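# A closer look at the structure
If you want the building blocks of each chain, they are given just below.
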Amino acid sequence: KFTEALIRNHRGEDKEQEFSYTPVKLHANNKDLEFPNQLFVNNEFIDASDGGTFTTVNPTDESDICKVAKATTDDVNYAVYCAKKAFVEWKEMNARDRGTLMFRLADLMEEHQEELATLESLDSGAVYTLALKTHIGMSIQTIRYFAGWCDKIHGQTIPINNAKPNRNLTFTSKEPIGVCGIITPWNYPLMMLAWKISPCLAAGNTVVLKPAQVTPLTSLKFAELAARAGFPPGVINILPGSGRVCGQAIIDHPDVRKVGFTGSTPVGKQIMASCANSNLKKCSLELGGKSPLIIFADCDMAKAVRMTLSGVFFNKGENCIAAGRIFVEESIHDEFINKVITETKKMKIGNPLDRSVDHGPQNHLAHLNSLIDYVERGVKEGARLVYGGKRVEGPGLFFEPTIFTNVDDHMFISKEESFGPIMVVSSFPDGDVDGVIESANNTEFGLASGVFTSNLDKALEVSRRIEAGTCFINTYNKTDVAAPFGGFKQSGFGKDLAVWCDVTDVPLYII
Ligand code: TAP
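Only a predicted model underlies this, so the values are computations on that prediction, with no experimental measurement involved.

### Brief notes about the packing of aromatic side chains
- Under the counting rule described, the total for this entry stands at 13 aromatic pairs.
- Here F19 and Y21 contribute two aromatic rings whose centre-to-centre distance is 6.0 Å and whose plane-to-plane angle is 40 degrees, an arrangement assigned as tilted.
- Pairing F472 with Y476 gives two aromatic rings, centres 4.8 Å apart and planes at 50 degrees, and the pair type is tilted.
- Pairwise contacts between aromatic rings join F19, Y21, F40 and F45 into one cluster.
- Taking NZ or CZ as reference, R98 lies 5.9 Å from the ring centre of W90, over its face.
- Sitting over the face of the ring of F296, K458 holds its NZ or CZ atom 4.3 Å from the ring centroid.

This is the structure we're talking about:
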């Protein structure tokens with residue numbers, strides 16, 4: 001019955017499935033917005049079992065956007081029960097039909113992209129044009145990319161020693177794991193959802209996802225669109241709630257078989273321990289970063305300055321691969337800093353829905369306060385604060401783009417990430433490639449890195465010796481759905497995107 005509906009859908013006879021709920025309505029960005037604010041379980045929007053709610057806040061003016069249902073442990077149990085039931089049908093479904101559904105969902109998201117981007121701007125403070133292109137645009141691309149994988153996930157045949165006189169056929173297949181628990185952070189709310197959910201669905205898993213408490217809205221709008229696209233009940237379940245209660249209940253649940261997590265390293269460690277202690281769940285962890293960016297004197301200076309600015313200030317610095325530490329070769333250091341300051345002064349801070357604005361508010365108050373502490377610590381340790389460093393006066397959670405120079409290896413700000421718009425610059429002696437690589441690797445993180453030089457040999461040597469999951473050469477922030485993404489060391493393990501996602505089990509058959 002479900003396949004018939006899909007075929008009609010594919011022919012365009014049923015453009016959208018009938019679906020109703022009681023939306024929150026508001027007007028913003030010259031648009032009438034309608035979106036859900038309840039838990040999404042088994043294709044229904046429902047209240048939390050204890051009626052609990054929390055308030056999500058607009059960081060631009062600190063006003064309340066709306067109340068959102070807050071999931072309890074009982075709600076997690078119900079969602080996992082539904083996801084486990086749905087898994088039976090979903091994993092058996094024709095893989096190409098799963099792909100058709102995912103393409104349909106991506107199309108619907110594209111139709112609603114301005115609404116999604118407006119919601120993302122309101123809830124997370126992302127500048128609208130960036131939200132449209134990256135937060136929402138890359139989410140759509142991710143779903144399409146993995147929709148295309150649905151019918152291309154297959155095993156191998158393996159030549160083994162035959163049990164003479166018979167010949168043996170030996171092959172592997174890739175089987176879905178079951179119910180996947182997903183926990184996402186607040187910096188790219190919808191994009192992190194898309195990165196995690198898409199490969200799970202493509203491989204035939206079902207999901208229970210908890211978005212970050214401070215940014216739940218685009219995940220819920222996504223759930224509405226999934227239901228409209230025709231996803232069967234129980235395949236996608238979205239539970240806004242706290243990490244401590246809802247997140248922990250997902251991680252501990254005996255019927256969840258795999259966890260995908262993006263967030264901080266301390267919480268990642270706790271999650272890994274809980275996965276082991278509950279039912280030995282598999283887990284993929286995308287954690288913190290402190291990505292070094294090395295600028296050699298023979299670089300294209302204008303490009304290096306431009307890319308360093310976006311490397312640090314992109315998405316107000318709330319970017320896991322943000323260039324966390326900049327190393328500049330001594331002979332160009334002062335010129336580089338002057339140019340960086342000149343360009344930073346041109347950045348317009350303000351309402352993220354204003355198309356001329358470059359820099360929106362930080363995501364939430366606790367984060368803004370952590371940036372203020374970070375700057376104080378840097379100043380106390382003797383780094384030179386050459387630009388910014390303060391909260392912008394007035395309403396809203398705005399923080400000035402900030403630049404530190406004279407940062408030494410032993411300082412807190414050279415080792416720990418700020419996750420905000422704070423540039424941390426050190427110089428290194430001309431020609432000291434070994435020294436700068438040693439300093440760049442002097443961190444427990446290893447998510448990304450970058451190098452600017454016109455000497456390709458030097459660029460390749462640096463990229464080979466830097467301990468990080470990605471190295472950008474004469475560019476920065478250039479991620480793509482077809483390229484793997486993930487860290488070394490305490491930045492975690494298990495790749496997102498591309499063909500490396502670990503969302504299947506691989507049994508071996510010998511006949
Ligand atoms: P976290 O505090 O780690 O929170 C991430 C998510 O985990 C949130 O949904 C949070 O819930 C939840 N959580 C907290 N405790 C939990 C528990 N015991 N069990 C299950 N879930 C739990 O990080 P954050 O502050 O949201 O994000 C910033 C950090 O994430 C930065 O350090 C950044 O580097 C990292 N990050 C990394 C990447 C990649 S790709 N490596 C991408 C983005 C961000 P609440 O809603 O209650 O907080």
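Picking up after the structure, the text goes on.
### With respect to the pairing of strand β15 (residues 323–329)
- Along β15, 7 of the 7 residues are buried, which leaves the element largely enclosed by surrounding structure.
- As paired strands, strand β14 (residues 291–295) and β15 are joined by 5 bridges and run parallel to one another. Looking at the pairing, S291 lines up with A323 of β15.
- In terms of handedness, the path from β14 via helix α10 (residues 301–313) over to β15 forms a crossover that is right-handed.
- Where β15 lies against strand β18 (residues 422–428), 4 bridges are found, and the strand directions are parallel. The residue bridging F327 from the neighbouring strand is S426, located in β18.

### Quick look at the packing of helix α3 (residues 95–111) against helix α7 (residues 217–229)
- Running from N to C, α3 and α7 cross one another at 130 degrees; their axes reach a closest spacing of 9 Å. One way to sum up the angle between α3 and α7 is to call them oblique. For the crossing formed where α3 meets α7, the hand is right-handed. In contact with L101, R104, L105, L108 and M109 of α3, α7 contributes F222, L225, A226, R228 and A229.

### Some words on the layout of surface pockets
- Put simply, the largest pocket is a space of about 1100 Å³.
- For the lining of the largest pocket, the elements supplying multiple residues, two or more each, are α8 (243–252), β12 (256–262), α9 (265–279), α12 (365–380) and α13 (412–415).
- It is α9 that provides the largest number of residues to the lining of the largest pocket, a total of 6 residues.
- Tallied by class, residues from the lining of the largest pocket come to 18 nonpolar, 20 polar and 8 charged.

### Considering a nonpolar patch on the surface
- The grouping of I158, I160, L508 and I510 at the surface amounts to a nonpolar patch, some 340 Å² of accessible area in total.
- Residue classification places I160 among the partly exposed residues on the basis of a relative accessible area of 33%.

### What to know about helix α11 (residues 330–345)
- In this model, α11 (16 residues) spans 23 Å end to end at C-alpha, consistent with the 22 Å of a helix rising 1.5 Å per residue.
- If you check which residues of α11 are buried, you get I332, H333, F336, I337, V340, I341 and T344.
- Residues of α11 that are buried make contact with β14, α10, β15, β16 (384–387), β17 (402–405) and β18.

### A look at the pattern of salt bridges
- The final tally for this structure, using the stated rule, is 24 salt bridges.
- In this structure, the salt-bridge partner of D505 is K282, at a minimum N-O distance of 3.0 Å. With a gap of 223 residues between them, D505 in strand β24 (residues 504–505) and K282 in strand β13 (residues 282–286) connect regions that are remote in the sequence.
- Assessed through its relative accessible area of 29%, D505 is described here as partly exposed.
- With relative accessibility at 31%, the residue K282 sits in the partly exposed group.
- Taken together, the shared-partner salt bridges connect E115, K221, E224 and R228 into one network.

### Quick notes on the site of the ligand
- Neighbouring residues of the ligand: 29 residues in total, closest Q213, G243, S264, L287 and E417.
- In the environment of the ligand, an oxygen atom lies 2.6 Å from a nitrogen or oxygen atom belonging to the backbone of Q213.
- At 2.6 Å from an oxygen atom of the ligand is found a side-chain nitrogen or oxygen belonging to S264.
- Protein contacts shield 87% of the accessible area of the ligand, which totals 910 Å² for the unbound molecule.
- Here the ligand occupies the largest pocket.
- Elements with a contribution of two residues or more to the shell around the ligand: α8, β12 and α9.
- With 4 residues, the top contributor of residues to the shell around the ligand is α8.
- The residue makeup of the shell around the ligand, split by class, is 13 nonpolar, 13 polar and 3 charged.

### Points about the packing of α10 against α11
- It is the contact of α10 with α11, at a shortest axis distance of 10 Å, that shows an interaxial angle of 60 degrees. Between α10 and α11, the crossing angle belongs to the class labelled oblique. You can see that α10 and α11 cross each other, and the crossing is right-handed. Judged by residue contacts, M301, A304, V305, T308, L309 and F313 of α10 engage I332, E335, F336, K339, V340, E343 and T344 from α11.
- In the contact of α10 with α11, the residues fall into 8 nonpolar, 2 polar and 3 charged.

### Section: the pairing of β14
- Most of β14 sits out of view: 5 of its 5 residues are buried.
- Residue alternation in β14 divides its side chains into two sets, S291, L293 and I295 and P292 and I294, and both sets are buried.
- In this sheet, strand β20 (residues 448–452) lies alongside β14 in parallel orientation, the contact comprising 3 bridges. Within β20, the position partnered with I294 by the bridge is V451.

### Comments concerning the sheet that holds strand β21 (residues 470–473)
- Taken together, 7 strands build an open sheet; the order of strands is β16-β17-β18-β15-β14-β20-β21 and the sheet is mixed. Of all the strands in the sheet, the pair left with one neighbour each is β16 and β21. Between one strand axis and the next, the sheet turns through 25 degrees on average, direction left out of account.
- Of the strand pairs in this sheet, β17 and β18 are connected by 3 bridges, and their pairing is parallel. Paired with I403 across the two strands is M423, which belongs to β18.
- Most of the contacts of α11 go to β15, to which it runs at about 135 degrees, and overall it touches β14, β15, β16, β17 and β18.
- Packing against the sheet, helix α14 (residues 433–440) makes contact with β14, β15 and β18, and its axis sits at approximately 165 degrees to β15.

Rules and cut-offs
- Residues numbered from 1 in each chain as written.
- Predicted model: local features only at pLDDT ≥ 70, side-chain atom pairs only at ≥ 80, totals over all residues.
- Heavy atoms only, no water.
- Phe/Tyr/Trp six-rings, centres within 6.5 Å; stacked < 30°, edge-to-face > 60°.
- Lys NZ or Arg CZ within 6 Å of the ring centre and 35° of its normal.
- Buried < 20%, exposed > 50% of the residue type's maximum accessible area, 1.4 Å probe, protein only.
- Helix = DSSP H or I, 4+ residues; strand = E, 2+ residues; numbered from the N terminus.
- Pairing = 2+ DSSP bridges.
- Right-handed = clockwise from strand over helix to strand, strands pointing away.
- Axes fitted to C-alpha atoms, helices over the stretch in contact; angles between N-to-C directions.
- Parallel < 35°, antiparallel > 145°, perpendicular 65-115°, else oblique.
- Left-handed = near helix turned anticlockwise from the far one by under 90°.
- Contact = heavy atoms within 4.5 Å.
- 1 Å grid on protein atoms, 1.4 Å probe; cavity = no way out; pocket = protein on both sides within 12 Å on 5 of 7 lines; lining within 4 Å.
- Points joined across faces, edges and corners; volume = space filled by probe spheres on them.
- Nonpolar A, V, L, I, M, F, W, Y, C, P; charged D, E, K, R; others polar.
- Patch = residues over 30% accessible without salt bridge, like charges linked within 9 Å, V, L, I, M, F, W, Y side chains within 5 Å.
- Areas by Shrake-Rupley, 256 points an atom, 1.4 Å probe, with all protein chains shown as cover.
- Salt bridge = Lys/Arg side-chain N within 4 Å of Asp/Glu carboxyl O.
- Expected span 1.5 Å × (residues − 1).
- Near = heavy atom within 4 Å.
- Polar contact = N/O pair within 3.5 Å; in protein donor to acceptor, adjacent residues only side chain to side chain.
- Sits in = over half its atoms within 2 Å of the grid points.

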